[in-house]
Amino acid sequence: MGRVKPPPAEVQAGAPANALWGGRFAAGPAAIMRRINASIDFDKRLYAEDIAGSQAHCAMLVARRILSPEDGAAISRGLEQIRGEIERGDFAFREENEDIHLNIEARLAELIGPAAGRLHTARSRNDQVATDFRLWVRAALDRCDAAAAELQAGLLDQADAHADAVMPGFTHLQIAQPVTLGHHLLAYVEMLGRDRGRFADCRRRLNECPLGAAALAGTVFPIDRDMTAAALGFDRPAANSLDAVSDRDFAVEFLAAAALAGTHLSRLAEEIVLWTSDGFGFVALSDAFTTGSSIMPQKRNPDAAELVRAKTGRLNGSLVALLTVMKGLPLAYQKDMQEDKVPVFEAADALELCFAAAAGLVRDMRPDRERMRAAAARGYSTATDLADWLVRELGLPFRRAHHVTGAIVRRAEARGCTLADLPLAEMQAVEPAITEAVRGALTVERSVESRASYGGTAPSRVRAAISAARERYLR
């Protein structure tokens, strides 16, 4: 038999066992194990939440006489010093300490000695990370809600300025009926309102505190979970210790809400791309939100809108990634759940950036009223108004009016003119009862003014809807 080759260096045992958990282990992990096991490269973003949770836990332990006031004061001072070091960029994050929790605990031990080890009484990294992560997602939800509200404000301001600006409404990307730009923009205000509702729902459901669930079964110490929950702004402690440490519904729900919000932002971005194109020319953007071409000096590209449109892929991918991580996990905590943070962090970063970019794009838009109005007059967009006039003034059944209008449109197409310019005799050849009064129904301005039903595009309705939306969403 040949000699057995030693394992490559990257899989040989590395440093001694971790001082914070290594009592059971005689030797340290392989180098590759240290690499795959460590999460400090990304979960250091949880430092503020981890310190806040530790401060609340420390104060509770002191209040319940599980920890002496002297040790509690030392721990609190040490944690504040660590917070300052991290915020100044002076903190040395070490891979051998695996994650943010052990990095902070190791530094605390350097600062205050053995008393640091008392902080972990009656808790586990399982309930610790679940608490940190909920705090982080809660703050992300608040930031996203504020960013969505800012975008709504920009849309409402533009809608107010252009409540009576006529433009074509489309179905199948074909000109359908005239609408106003204000009415069109209000559609996105409503989409964002639903997004904000989902953020609020997610926040309400996540606002239960896992701290005190310990590893999975609770603790023998006489802790006060209501105290720590209140200190951290939670509504209540999580009711079941197994669920508390293994639940990531809040993260999945955040990603689902983020993905849907991203879809809405993508739709808005796509319309801005279309509207700024030469084929439409409905709006223009300034240099602040466009870029040029490296070879074509005449180009003004709506890159900000295109990137908002593209980042939907990141949001959707993050949702699918976390659902896939969670789909087969038994209770309670599994190391798979270390992979929960990167998709959430990436999605939150992308969504906040997209909200900000979309708000900037909306406020930067300069609509071309004449071009929009001219486009609205094409495609026989007032045909439905003609059919409605036949029903209202002549008493025709709508299906008959629809047929008559189609025949009249065909005659206008043959003459190459609009419905408003078609000779009355041509209309009467299809329906003799039509009178000259029909002309008043066939302009695009009259069309939008007449759509005064609740939720309609009439400028009066649009202005009322803007006031209602400001009260509902921005008060």
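Per-chain numbering applies: the sequence of each chain, read as written, is numbered from 1 onward. Only residues with pLDDT of 70 or above have their local features reported here, since the model is predicted, and side-chain atom pairs are shown and tallied only from 80 upward, although totals for entire chains, interfaces and linings are computed over all residues. Note: side-chain values were computed over all heavy atoms of the structure, leaving out hydrogens and water.

Examining the pattern of salt bridges
Two side chains bearing opposite charge may form a pair once their charged atoms approach each other closely.
And step 1. One speaks of a salt bridge when a side-chain nitrogen belonging to Lys or Arg is within 4 Å of a carboxyl oxygen belonging to Asp or Glu. Under the defined criterion, the tally for this structure stands at 34 salt bridges.
And step 2. A salt bridge links R134 to D247; the shortest N-O distance between them is 2.6 Å. Taken together, the positions of R134 in helix 6 (residues 125-161) and D247 in the loop between helix 9 (241-246) and helix 10 (249-276) put the pair 113 residues apart, joining distant regions of the chain. Accessibility assignment for this pair places R134 and D247 in one class, buried.
And step 3. Here the salt bridges share partners, and the residues they tie into one network are E150, D157, D160, R363 and R470. Labels follow the DSSP assignment, with helices taken as runs of H or I lasting at least four residues and strands as runs of E lasting at least two, numbered in each case from the N terminus. Burial classes follow relative accessibility: with a 1.4 Å probe on protein chains only, a residue under 20% of its type's maximum area counts as buried, one over 50% as exposed, and anything between as partly exposed.

Observations concerning the confidence of the model for the protein chain
And step 1. pLDDT gives the predictor's per-residue confidence on a scale running from 0 to 100. Of the residues in the protein chain, 94% have a pLDDT of 70 or more, and the chain-wide mean is 94.
And step 2. In what follows, a contact means two residues having at least one pair of non-hydrogen atoms within 4.5 Å. In this model, residues 6-15 is a region of pLDDT below 50 whose contacts with residues beyond four sequence positions or in other chains number 21 contacts.

A closer look at a nonpolar patch on the surface
And step 1. Candidates for patches are residues over 30% relative accessible area with no salt bridge; among them, like charges are joined within 9 Å and nonpolar side chains (Val, Leu, Ile, Met, Phe, Trp, Tyr) within 5 Å. In this description, accessible areas are obtained by the Shrake-Rupley approach with a 1.4 Å probe, and a residue is regarded as covered only by the protein chains that are shown. Together, I32, M33 and I36 line one region of the surface with nonpolar side chains, adding up to about 290 Å² of accessible area.
And step 2. Considering the arrangement of structural elements, one finds M33 in helix 1 (residues 31-37).

With respect to the packing of helix 6 against helix 7 (residues 181-206)
And step 1. Where helix 6 meets helix 7, the axes come as close as 9 Å, and the angle between the chain directions of the two elements is 165°. Between helix 6 and helix 7, the crossing angle belongs to the class labelled roughly antiparallel. Helix 6 and helix 7 meet at a crossing whose hand is left-handed.
And step 2. Taken together, the residues of the contact of helix 6 with helix 7 break down into 17 nonpolar, four polar and seven charged. Lines are fitted to the C-alpha atoms to define the axes, a helix being fitted only along its stretch in contact, and any angle between axes, read from their N-to-C directions, falls within 0 to 180 degrees. Throughout, the term roughly parallel applies to angles under 35 degrees, roughly antiparallel to angles over 145, roughly perpendicular to angles from 65 to 115, and oblique to all others. By definition, any crossing whose near helix is turned counterclockwise from its far helix by less than a right angle is left-handed, and any crossing with a clockwise turn is right-handed. Side-chain classes are defined by residue name, with Ala, Val, Leu, Ile, Met, Phe, Trp, Tyr, Cys and Pro counting as nonpolar, Asp, Glu, Lys and Arg as charged, and the others, Gly among them, as polar.

Points about the environment of I36
And step 1. Here I36 is to be found in helix 1.
And step 2. Separated by 229 residues in the primary sequence, I36 and L265 have C-alpha atoms spaced 36 Å apart.

Brief notes about the pairing of strand 2 (residues 174-180)
And step 1. Pairing of strand 1 (residues 166-171) with strand 2 involves six bridges; the strand directions are antiparallel. Paired with V166 across the strands is T180, a residue of strand 2.
And step 2. From the end of strand 1 to the start of strand 2, which pair antiparallel, there are two residues, and H172 there has a positive phi angle of about 60°. We call two strands paired when DSSP finds no fewer than two bridges between them.

Some points on the packing of aromatic side chains
And step 1. Centre distance within 6.5 Å is the pairing criterion for rings of Phe, Tyr and Trp, where only the six-membered ring of Trp is used; planes under 30 degrees apart are then read as stacked, over 60 as edge-to-face, and the remainder as tilted. Throughout the structure, instances matching the rule amount to six aromatic pairs.
And step 2. Arranged with centres 5.9 Å apart and planes meeting at 55°, the rings of F170 and F280 form a pair that is tilted. Of this pair, F170 sits in strand 1 while F280 sits in the loop between helix 10 and strand 5 (283-284); the two residues are 110 residues apart in sequence, bridging distant segments of the chain.
And step 3. Cluster of aromatic residues (ring-pair linked, three or more members): F133, W136, F250 and F345.
And step 4. Geometrically, a lysine NZ or arginine CZ counts as sitting over a ring once it is within 6 Å of the ring centre and also within 35 degrees of the ring normal. The ring of F345 has R45 sitting right over it, with the charged end atom 4.8 Å from the ring centre.
And step 5. The side chain of R143 reaches across the aromatic face of W136, ending 5.4 Å from its centre.

Structural notes on the packing of helix 6 against helix 19 (residues 459-473)
When two helices pack together, their arrangement is captured by the angle between the axes and the distance separating the axes.
And step 1. Two elements in contact, helix 6 and helix 19, have axes whose closest approach is 10 Å; the angle formed by their N-to-C orientations is 165°. In terms of their interaxial angle, helix 6 and helix 19 are classed as roughly antiparallel. In this structure, helix 6 crosses over helix 19, and the sense of that crossing is left-handed. Contact with helix 6, carried on its side by Q152, L156, D157, A159 and D160, involves I466, A469, R470 and Y473 of helix 19 and no other residues of that element.
And step 2. Residues that form the contact of helix 6 with helix 19 fall into these classes: five nonpolar, one polar and three charged.

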